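Now for the letters of each chain:
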Amino acid sequence: MKKKSKKYTEALSKVEKGKLYTLEEAVKLVKETSTSKFDGTVELAIRLNLDTKKNDQQLRGAIVLPHGTGKTKKVLVLAKGDQAKAATEAGADYVGDVDMITKIDKENWFDFDVIIATPEMMPLLGRLGKVLGPKGLMPNPKTGTVTVDTKKAVEDVKKGRVEYRTDSYANVHALVGKVSFDDEKLADNIRAFVEVIIKSKPQAAKGVYIKNISIASTMGPGIKVDPSSFDK
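Since the structure is predicted, the reported quantities are computational estimates derived from the model, not experimental observations.

Colleague: Mind showing me how you'd approach the sheet that holds strand β9 (residues 223-225) here?
Modeller: Neighbouring strands of a sheet are bound in pairs by backbone hydrogen bonds; such pairs are parallel or else antiparallel. Across the sheet, which stays open at both edges, the four strands sit in the order β7-β1-β8-β9 with antiparallel pairing between neighbours. Of all strands in the sheet, those bounded by a partner on one side alone are β7 (171-178) and β9. Recorded for the sheet is a direction-independent mean angle of 25° between the axes of neighbouring strands. Strand direction decides the pairing type here: strand β1 (residues 41-48) and strand β8 (residues 210-217), joined by seven bridges, are antiparallel. Bridge assignment links Glu43 to a residue of β8, and that residue is Ala216.

Colleague: Looking at this structure, how should I read the pattern of salt bridges?
Modeller: If the charged atoms of two oppositely charged side chains come close together, the side chains can form a pair. Counted by the stated rule, this structure contains ten salt bridges. Residue Lys152 pairs with Asp156 through a salt bridge whose shortest N-O separation is 2.8 Å. Placement of the pair is Lys152 and Asp156 together in helix α7 (residues 150-159), with a separation of four residues, close to one helical turn. We classify Lys152 as partly exposed; its relative accessible area is 45%. A single salt-bridge network, built from bridges that share partners, covers Glu24, Asp188 and Arg191.

Colleague: So what exactly am I meant to see when it comes to the packing of aromatic side chains here?
Modeller: Aromatic rings considered in pairs are described by the distance between their centres and by the relative angle of their planes. One pass over the structure, following the stated rule, counts four aromatic pairs. Between the aromatic rings of Phe110 and Phe112, the centroid separation amounts to 6.1 Å while the plane-to-plane angle is 50°, which identifies the pairing as tilted. A network of ring pairs unites the aromatic residues Tyr94, Trp109, Phe110 and Phe112 as a single cluster. Against the face of Phe110 rests Lys135, its NZ or CZ located 4.6 Å from the ring centre.

Colleague: I tried to follow the nonpolar core on my own but got confused; where do I start?
Modeller: For soluble globular proteins, nonpolar side chains are generally found buried alongside one another. Residues Leu44, Ile46, Leu48, Ile190, Phe193, Ile197 and Ile215 are the most contacted members of the largest nonpolar core, which totals 38 residues. When residues of this core are traced back to their parent elements, those giving at least two are α2 (23-32), β1, β6 (161-165), β7, α8 (183-199), β8 and β9. When residues of this core are assigned to their parent elements, the largest contribution, seven residues, is made by α8. Ranked by size, the runner-up nonpolar core spans 16 residues in total, among them Leu76, Met100, Ile101 and Met121.

Colleague: Looking at this model, I keep getting lost on α7. Mind explaining?
Modeller: One turn of an α-helix holds 3.6 residues; hence residues three or four places apart share an orientation. For α7, the complete set of buried residues consists of Thr150, Ala153, Val154, Asp156 and Val157. Along the long axis of α7, the arc covered by the buried residues comes to 160°, so they all point the same way. Elements in contact with the buried residues of α7: β2 (60-64), β3 (75-78), α3 (81-89), β5 (114-117) and β6. Just downstream of α7, Gly160 is the residue with a positive phi angle, here 120°.

Colleague: I would appreciate a short explanation of the pairing of β2 in the present structure.
Modeller: For a regular strand, side chains alternate in direction, first toward one face of the sheet and then toward the other. Burial of the side chains of β2 is restricted to one face: Gly61 and Ile63 are buried, whereas none of Arg60, Ala62 and Val64 on the reverse face is. Two elements, β2 and β6, share five bridges in a ladder whose sense is antiparallel. When the sheet's bridge partners are listed, Arg60 is paired in β6 with Arg165.

Colleague: It is not clear to me how the sheet that holds β3 should be interpreted in this structure. Could you clarify?
Modeller: Overall, parallel pairing links the three strands, which are arranged β4-β3-β5 in an open sheet. Each edge of the sheet is formed by a strand with only one pairing partner; in this case those strands are β4 (94-96) and β5. Going from strand to strand, the sheet's axes swing by 15° on average, the running direction of each strand aside. Sitting on the sheet, α7 is in contact with β3 and β5, with an inclination near 170° to β3.

About the cut-offs
- Residues numbered from 1 in each chain as written.
- Predicted model: local features only at pLDDT ≥ 70, side-chain atom pairs only at ≥ 80, totals over all residues.
- Heavy atoms only, no water.
- Pairing = 2+ DSSP bridges.
- Helix = DSSP H or I, 4+ residues; strand = E, 2+ residues; numbered from the N terminus.
- Axes fitted to C-alpha atoms, helices over the stretch in contact; angles between N-to-C directions.
- Salt bridge = Lys/Arg side-chain N within 4 Å of Asp/Glu carboxyl O.
- Buried < 20%, exposed > 50% of the residue type's maximum accessible area, 1.4 Å probe, protein only.
- Phe/Tyr/Trp six-rings, centres within 6.5 Å; stacked < 30°, edge-to-face > 60°.
- Lys NZ or Arg CZ within 6 Å of the ring centre and 35° of its normal.
- Core = buried A, V, L, I, M, F, W, Y, C linked by side-chain atoms within 4.5 Å.
- Arc of directions from axis to C-beta.
- Contact = heavy atoms within 4.5 Å.

Next up, the structure:
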């Protein structure tokens, strides 16, 4: 078993075991318990009461956080003509079509974080599904990465769009900002994300929908947030 560092142990001692913190308390605490020397990322985890073996109880989507993630993402756009031009003007890092797909396939090139593609490019990109799928890079209409509006898609990613999907244990994870964000901005981002998950509740879901919510900084301990903090 890996020994926990002194910094982590000190940070953990500030978190009361079993306590559900209000969102405001949790945000303050996640910053206090950050142990990294760099500007750590704050991650949100939500455990949902869903049976993800059933297709009608799986969640997948994306949200543009009010204050971004604090992280710049490199965007590859696969498009032709006007949509390619619009993507370039919107600030895409790489724009192309067959040439870029070939580069990924032949050169094992992955110098990007997100792929946005127009529908006409998807049949060509489909053959790389086994490579892109496991990396979470395959474009999908549900997350807005398969679109004819490449300009908006690129702008959304650059503003701080985050994708989400339930894993096999019905957990949803998302990066919601940096430790350096002020408390209010971090709380705004968390609130916006949780509200999207609440609004996306599948009709087939039974019982209490949200089992627990927690936040943690890079290398910091998890802090449980009281779900009632998000009641309107």
